[in-house]
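Tertiary structure, described
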Number of protein chains: 2
Amino acid sequence: MGKSNKPHRPKARLPKGMRDVGADEVRASAAMLSAIQSVYELYGFEPLETPAFEYTDALGKFLPDQDRPNEGVFSFQDDDDQWLSLRYDLTAPLARYVAEHYDGLPKPFRRYQMGPVWRNEKPGPGRYRQFTQFDADTVGTASVAADAEICMMAADCMERLGIPRGAYVIRVNNRKVLDGVLERIGIAPGDPAFDSQRMTVLRAIDKLDRLGPDAVRLLLGEGRKDDSGDYTKGAGLSPDQISPVMEFVATASDDPAEVLSRLGALVGDSSIGQQGVEELQTMASLFAAAGYASDRILLDPSVVRGLGYYTGPVYEAELTFETTDEEGETARFGSVGGGGRYDGLVQRFKGIEVPATGFSVGISRLYSALNELGKIQMNAVAAPVVVLVMDPDRLPDYQKMAFDLRSAGIRAEMYLGTSGMRAQMKYADRRGAPVVVIQGEDERARGEITIKDLVEGTRLSGEIEDNAEWRSGRPAQISVAEGELVAAVRQVLASHGN
Amino acid sequence: MGKSNKPHRPKARLPKGMRDVGADEVRASAAMLSAIQSVYELYGFEPLETPAFEYTDALGKFLPDQDRPNEGVFSFQDDDDQWLSLRYDLTAPLARYVAEHYDGLPKPFRRYQMGPVWRNEKPGPGRYRQFTQFDADTVGTASVAADAEICMMAADCMERLGIPRGAYVIRVNNRKVLDGVLERIGIAPGDPAFDSQRMTVLRAIDKLDRLGPDAVRLLLGEGRKDDSGDYTKGAGLSPDQISPVMEFVATASDDPAEVLSRLGALVGDSSIGQQGVEELQTMASLFAAAGYASDRILLDPSVVRGLGYYTGPVYEAELTFETTDEEGETARFGSVGGGGRYDGLVQRFKGIEVPATGFSVGISRLYSALNELGKIQMNAVAAPVVVLVMDPDRLPDYQKMAFDLRSAGIRAEMYLGTSGMRAQMKYADRRGAPVVVIQGEDERARGEITIKDLVEGTRLSGEIEDNAEWRSGRPAQISVAEGELVAAVRQVLASHGN
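Residues numbered from 1 in each chain as written. Chains lettered and ligands numbered in written order. Predicted model: local features only at pLDDT ≥ 70, side-chain atom pairs only at ≥ 80, totals over all residues. Heavy atoms only, no water.

1. Describing the overall build of chain A
Check the secondary structure of chain A and you find 19 helices and 18 strands. A compact globule built from 498 residues would reach a C-alpha radius of gyration of about 23 Å, whereas chain A, at 30 Å, exceeds it by more than 25%. Put simply, chain A has 498 residues, and 53% of those count as buried. Relative to all contacts within chain A whose residues are 6 or more apart in sequence, the contacts with residues 24 or more apart total 67%. Roughly 22000 Å² of accessible area belongs to chain A as shown, and the carbon and sulfur atoms make up 47% of that amount. Across chain A, the mean location of the 57 positive side-chain charges is 5 Å away from that of the 74 negative side-chain charges. (Helix = DSSP H or I, 4+ residues; strand = E, 2+ residues; numbered from the N terminus. Rg over C-alpha atoms; globule rule 2.2 N^0.38 Å. Buried < 20%, exposed > 50% of the residue type's maximum accessible area, 1.4 Å probe, protein only. Contact = heavy atoms within 4.5 Å. Areas by Shrake-Rupley, 256 points an atom, 1.4 Å probe, with all protein chains shown as cover. Lys, Arg positive; Asp, Glu negative; His and termini not counted. Charge placed at Lys NZ, Arg CZ, Asp CG, Glu CD.)

See the structure below:
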C-alpha cells in the first residue's frame, strides 16, 4: 500500500446483512430477555456465557478448505493457523463446554444462554446475518420429563412476555412416531438406501402449514408445479404409502388421548413408533398433572423441525394470531422458537452418547410479534427534560438544575451545544423532551424559572389557529420560584402520566 | 479432504485467550450493567446496538494485507472479497454510525452501548481476547460541559455500583495543558521533529503511578535500568526541561483553585496551554456547582491515557482501595474505566471535524474490583429446591410438586435423571439445593411429604459426632401433609433468609 497525499475516505456503511438496533428495540429486547430469564431461572436453569467464536472443528463444521473458507459460518485463521468460526447457534458451544467439563458438571445439567449468533448466509428482507437467541437446554438425561418441562417452560415464557393464552400454542411431536410410520410404509430410518427419500418426505411435511394438504400430497408423490411454474420433485411415494403419512400429519386434536390412540394405530407394530407414542403419552400425562391443557400445549404430529437432527420429542412455540405477511396475505404469525431432543450432542467429542434436549427463542422475531400485539411499550423510558442554556457564562447554574432534577430521579440533561434558543428548542423537540427548563436574564432577575410543557404545547398548537393568539397567550408555560423547579417539573410530568 | 472410516474426534477446548463465564459472574455482570445503564439513562443517554463486525476500512484499520490479515483485530473476507473485522472497541462503530446518519441525529447526540469487543493480541493472565465494555459518548459538541457531565456520571456510576465514596476517584486532566508545558520546554506538539520524543515523555508520565517520580525523572532524561537490568531509553530532556514536567505531574491537590493557579504558571504564555487551563477551570466550576468535591472528582495532571489519541480533557475512574497484585505486592486497585475528548471521530469518513467525548467501563475489571470489595453477592439467586423421584411411575406427581413450588415463585426442579436415592441426594448437594422434597411409598400412604433441610442438615452433621445418633435422629427433616408442601418449604427457606 503506497502512501498517497489524497486522503482515503472510507464510506460509512454497515456490512451486508447487518443492522443497527435503535433505542426502542434495545430497551424492549432487554425487557424481553429479562422476562424469559426469570422463567428459566424459576425452572432451575443456570446462566452460562461462552465466547463468540470457537475452533471451527469444535463447532462441528469440517475444517473449511482454502477455496471456500466460509460455508454458512464466518471463519478466520488464528496466528497459529488454526481455524476459528463465529458461533452459528448456542448449542454447538454448549456441546464443547459439556464435553470439556463433563465430569465436573451436575447431571442432569440445566443451563441457559443468550447472545448473538452469526450466519454467513444470503441476507434477505428481515433476514440478517447476526441475530440474538435465548436458549435453555437440559443435558444428560434421556427422560422425556425433561422435554415436557421445557414445553411447559416455553408456555410460561409466552405468558410472562404478555402474550395472552389463546394467542400462542406449544406444538409437540415426536420424531420416533414419524419414524414408525416411515418404517411401516417401507422406508425405515437407518436404511441408507432411503435417506434421500425420507428427507424429501420430512421436507414435504414441513410445508403443510404454508402450502396445505393437497400440495403436500403431491410433494410426497410425483412432485408439484407451483404457481410460478417451478417444479419441485416429489418423494415418489405410492398412494398406499402417502395415505398413512397424510393421516399422521392430520392427527392433531384438542384431546391428547385421541391423538395418542390414532398414532398408536398408525405405527402398528413398529417398535420405534410404539416407543415414540409412549414418550408422547408420558409427556401428555405430565402436562395434564400440571394443568397445561391443549390450549397451551398441543400434541401435533405435523411438527417436523430440524431435518435429520432431532431424535425424539420436538416442539415449536407458535403465535396463532393473524398477521399480514410480505405478500399482503393473512397468515398466522408462526414460530418464535422451538427445539427438541438431540442425543448426539457430545458424541462427536467423547464417543459416548449424552442425551440432551433444548429450546431456543429467536429474540428479534419475538420483538416483531410483541410489536404487532401492541405489547411493546414504545418510548418506555421517558425522554429527558432539557435545560436550555440561555447564557453560556452561566453553565454551572444550568448544570445544577439538571443535577437537581436527576437527584430527584428525573431523567434530565443540560443542552450541550453552542446554538441559540431556536436550535435548542428544535433539539428538545427532536429528543422528544416532555419539558424544557428556561432561565433567561429576566427570569434570573426575578428569581424564577420558566417551565415549558412541550406535550401540552404541541396539543394546544394544533387547536389554536391564530398565530398571534398563540404567541401572546404562551400556553403550556409556567414560571416558578427557583426552589420549586423539581416539584413543578414533577407535576407537569405527572400530568402526562410519567 | 478424503473421507476416512476412523471417526475424527475434535478436542473439546476453548480457543486461545477466550474464556467461559460461569453463573455467578454472568448474574453479577448483568446486575452491574443494569446499575450503570440506569445512571446513563438518567443523564439522557440513549441505547444503541451495532453489529459485532464492521467493514475493516470503516473500523479505521488499514486494509489488511494478505500476509498479515490480523494486526490487533480479527479479520476475515466476505464472499464479495471485502474485509470484515470484529470490533476492537465500541467507539469505532459509533464513528461509522454517526457518519452514516449524521444529518438525522439530534446534536449533540448522546448514546450508550454495551457489549463484547475483541482484540487479536497475545493473551496473558487475566488478559483475554474477548471482553465486555460499557460506553457512553456525547457527539457533536466542543463544550467541555459535556466532559464535565461524563465525569460526574462516572462518579455516580461508581456509587450506584456500591463502591463507597472514598474508595474511588475520577481523576481529570487536559491534554492541552500538557501540550502547553511541552511547548514551553521547546518540544511543541504539531512539530513532527519532536513527535517521537513527545511520545516518550507521555509514556514516562503514564508510569508515574507504577514506578514513582525518581524513575519518571530518569525516563524523561537519559533513560533507566530497571531491577531486572533491562534498560529503557529516555526522552533525552535536559534537567531544565525535566523540571517543569515533573512539577506539572505533581500538581494534583484537593484544592482545584491551587491546581489551576500552579498550572497557569507552568504553561505561561502558551496559548494552547492557557486554553487547557481555562477548560479545566470551566469543568471545575461545574463540579463545584453540582457539589462534586475532590473526594469524588480530582484535578490530576498525571493522568495521560491514550497516547496521541485524545485532544482535550481526559479522565480516569480509579479505585483507590489497596489490593494485592500478581507479584504479591500491595497497590491501589487502579483504573476500571476512563475516556476523554477525541475530536477526530468522524473526520476520516466525512472530512469534517465532529467533536466528541466519551467514557468506557471495563466490565470484567469492575467485576474483580467489586468482588474484592465484597460487593458481589455470590449465589445471589437461591439454588433451586429439588423434588426427588422416588418412584419413576409417579413422575406426574413429582412434576406437579415442582410446578406448585414454581407457581408460588419458589425456584424448583424435579430430578430428571434415572439414578437412585443416593445419586439424587448427591445431585441436590452439587446444585447447592437448600431443600429436597421426598415422597416415597410410606409417605404416600400417609398422605405426607418429607422436606429435608440441607442447609441445617449440613450444619448439624458438623456438630453431631455420633453417626448412629445422626441417623436415628434424622435432624433437619420434617413431614407435612401433601397440601402443606408450599407453605412448609417457604418456611424452611425463610429460616435461612431466602
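Read on for the rest.
2. Some thoughts on the packing of aromatic side chains
All names here are of chain A. The tally for this structure, following the rule as stated, stands at 25 aromatic pairs over all chains. With centroids separated by 5.8 Å and ring planes inclined at 55°, the aromatic side chains of Tyr-112 and Phe-134 adopt a geometry described as tilted. One end of the pair, Tyr-112, is in strand E5 (residues 109–118); the other, Phe-134, is in strand E6 (residues 130–139), with 22 residues separating them in the sequence. The exposure class assigned to Phe-134 is buried, which follows from its relative accessible area of 0%. (Phe/Tyr/Trp six-rings, centres within 6.5 Å; stacked < 30°, edge-to-face > 60°.)

3. Overview of the environment of A:Tyr231
Residues and elements named next belong to chain A. Mapped onto the elements, Tyr-231 comes out in strand E9 (residues 231–233). Taking relative accessible area as the criterion, Tyr-231 reaches 52% and is therefore assigned exposed. Expressed as a C-alpha distance, the spacing of Tyr-231 and Gly-273, which sit 42 residues apart in the sequence, is 33 Å. Excluding residues within four positions of it along the chain, Tyr-231 makes contact with Glu-222, Gly-223, Arg-224 and Lys-225. A polar contact of 3.0 Å, which involves the side chain of Tyr-231, links it to the backbone oxygen of Glu-222. (Polar contact = N/O pair within 3.5 Å; in protein donor to acceptor, adjacent residues only side chain to side chain.)

4. Digging into unusual backbone geometry
Residue and element names in this part refer to chain A. In this model, Lys-107 is joined to Pro-108 through a cis peptide bond whose omega is 0°. Take Pro-108: it is sitting in the loop between helix H3 (91–100) and E5. The backbone of Asp-81 sits at a positive phi, close to 70°, despite the residue not being glycine. With respect to the secondary-structure elements, Asp-81 resides in the loop between strand E3 (75–77) and strand E4 (83–86).

5. A closer look at the environment of B:Glu327
All names here are of chain B. Here Glu-327 lies in the loop between strand E11 (313–324) and strand E12 (330–341). A relative accessible area of 64% places Glu-327 in the exposed class. For the pair Glu-327 and Leu-454, spaced 127 residues apart in the sequence, the C-alpha separation amounts to 40 Å.

6. Let's talk about the pairing of strand E6 (residues 130–139) of chain B
All names here are of chain B. Taken across its 10 residues, E6 has eight buried, putting it largely inside the fold. Sheet topology note: the strand E5 (residues 109–118)/E6 ladder contains 10 bridges and is antiparallel. Looking across to E6, one finds that Tyr-112 is bridged to Ala-136. Two elements, E6 and strand E13 (residues 356–362), share seven bridges in a ladder whose sense is antiparallel. In the strand pairing of E13, Gln-133 is matched with Gly-362. (Pairing = 2+ DSSP bridges.)

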